[in-house]
Amino acid sequence: MKAVVIGIGVGIIAIYFSPLIKSKINIGNIFGISLGASIIAVSLFFDKIVYLFSFTLGKIIICFAAVIISIFFIAFFITLIKIISNSRLSATDEDIVIILGCRVKGTAPTKALYSRCLSASKYLKANTNAKAILSGGHGKDEQISEAECMYRILTSLGIDESRLIKEEKSTSTYENLLYSKDLTQEKRIAIATSEYHIYRAKLIAKELGLLASAIPAKSIPVLRVSYFTREVFGVWYLKIRKALGYFS
């Protein structure tokens, strides 16, 4: 039994460590690797934990830890379910699509940015009255703005330039939507972004008075688990800031 539990821990570590081959470490990777290591540690020291439980203070500590851990994982999976359930296509006939920016390598798009533009282009071709706001500023290591990069991708995919509006000031998801809102009178919009990012973007849009539907873009499979995990903490951070009166 101990070997099975250790195997589960090793498997979790492998799932969250493997994305580091293609991306930088983030809180999703850290959480997953820490979870796997914790499972292994509990398995290895299980006899000592049982022994500690024979003392009153030990029982108090273990029960308290169990309650905290249970509350954490209940909240974690409730949030994760919301993220997953909002990651599906829901846009139908919105006339404004806001495409959220993503890192540009020099002048070349990352796979995530190209995927967002590709999903948006399919919607724009099916809804010929719709226009797109390309939202993304110019980072320090980027030779062109994310909006300009999206503009080049979409025009190469056959979207007429008259349907594209560039927003080149934003540096965060909040600013993406805040500055894009200034460029349209529409309150019903569609957001094109990576599927794991949809729920948090919709929460921000709601705070800005926008009713948002989703145009999800598929992320790289090997990165998906860690990115969805990371989003749980992103959503929590957003809600904590809102509760403290610093929503942005």
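Anything mentioned here points back to the structure above.
Residues numbered from 1 in each chain as written. Predicted model: local features only at pLDDT ≥ 70, side-chain atom pairs only at ≥ 80, totals over all residues. Heavy atoms only, no water.

Caption draft 1: Just the pattern of salt bridges, in detail. One pass over the structure, following the stated rule, counts eight salt bridges. A salt bridge links R188 to D93, with the shortest nitrogen-to-oxygen separation between them at 3.2 Å. On the criterion of sequence distance, the pair formed by R188 in strand β6 (residues 188-194) and D93 in the loop between α4 (56-85) and β1 (96-100) is long-range, its members being 95 residues apart. Given the relative accessible area of 38%, R188 is considered partly exposed. Linked by salt bridges that have partners in common, D93, E94 and R188 make up one network. (Salt bridge = Lys/Arg side-chain N within 4 Å of Asp/Glu carboxyl O. Helix = DSSP H or I, 4+ residues; strand = E, 2+ residues; numbered from the N terminus. Buried < 20%, exposed > 50% of the residue type's maximum accessible area, 1.4 Å probe, protein only.)

Caption draft 2: Molecular detail of a nonpolar patch on the surface. Residues V42, L44, F45, F46, I49 and V50 make up a contiguous nonpolar surface patch of about 530 Å² in total accessible area. At the level of secondary structure, the elements contributing two or more residues to the nonpolar patch comprise α2 (27-44) and α3 (46-52). The element best represented in the nonpolar patch is α3, accounting for three residues. Looking at where F45 falls in the secondary structure, it is placed in the loop between α2 and α3. Judged by its relative accessible area of 44%, F45 is partly exposed. (Patch = residues over 30% accessible without salt bridge, like charges linked within 9 Å, V, L, I, M, F, W, Y side chains within 5 Å. Areas by Shrake-Rupley, 256 points an atom, 1.4 Å probe, with all protein chains shown as cover.)

Caption draft 3: Representation of the side chain of S43 within the structure. Structurally, S43 can be placed in helix α2. Among the residues examined, S43 registers a relative accessible area of 7% and is labelled buried. Of the polar contacts made by the side chain of S43, one reaches the backbone oxygen of K2; its length is 3.4 Å. Leave out the neighbours within four places in its chain, and S43 touches K2, V5 and I6. (Polar contact = N/O pair within 3.5 Å; in protein donor to acceptor, adjacent residues only side chain to side chain. Contact = heavy atoms within 4.5 Å.)

Caption draft 4: Inspection of the sheet that holds strand β4 (residues 131-135) at higher detail. Spatial strand order, β5-β4-β1-β6-β7: five strands in an open sheet with parallel pairing. Looking at the sheet topology across the chains shown, the edges are occupied by β5 (164-167) and β7 (211-217). Across the sheet, the axes of successive neighbouring strands diverge by a mean angle of 25 degrees, strand direction being ignored. One ladder, built from five bridges, connects β1 with β4; its direction is parallel. In the sheet register, V97 faces β4, and the bridge partner there is A132. (Pairing = 2+ DSSP bridges. Axes fitted to C-alpha atoms, helices over the stretch in contact; angles between N-to-C directions.)

Caption draft 5: Quick look at the packing of aromatic side chains. Counted according to the given criterion, the structure contains 16 aromatic pairs. When the centroid spacing of 6.3 Å and the interplanar angle of 65 degrees are considered together, the rings of F73 and F76 count as edge-to-face. Residue F73 and its partner F76 are both found in helix α4; the two are separated by three residues, about one turn of the helix. Assessed through its relative accessible area of 24%, F73 is described here as partly exposed. Through a chain of ring-to-ring contacts, three or more aromatic side chains come together here, namely F31, F72, F73, F76, F77, F233 and W236. The ring of Y151 has K166 lying over it, and the distance from NZ or CZ to the ring centre is 4.8 Å. Its guanidinium or amino end placed over the ring of Y227, R230 lies 4.6 Å from that ring's centre, counting from NZ or CZ. (Phe/Tyr/Trp six-rings, centres within 6.5 Å; stacked < 30°, edge-to-face > 60°. Lys NZ or Arg CZ within 6 Å of the ring centre and 35° of its normal.)

Caption draft 6: View of the packing of helix α7 (residues 173-181) against helix α8 (residues 198-207). With their axes 10 Å apart at the nearest point, α7 and α8 run at an angle of 45 degrees to one another. By the angle between their axes, α7 is oblique relative to α8. α8 is crossed by α7, and the crossing has right-handed handedness. Seen from α7, the contacting residues are T173, Y174 and L177; seen from α8, they are R200, A201, I204 and A205. Here the contact of α7 with α8 is built from residues that sort into five nonpolar, one polar and one charged. (Parallel < 35°, antiparallel > 145°, perpendicular 65-115°, else oblique. Left-handed = near helix turned anticlockwise from the far one by under 90°. Nonpolar A, V, L, I, M, F, W, Y, C, P; charged D, E, K, R; others polar.)

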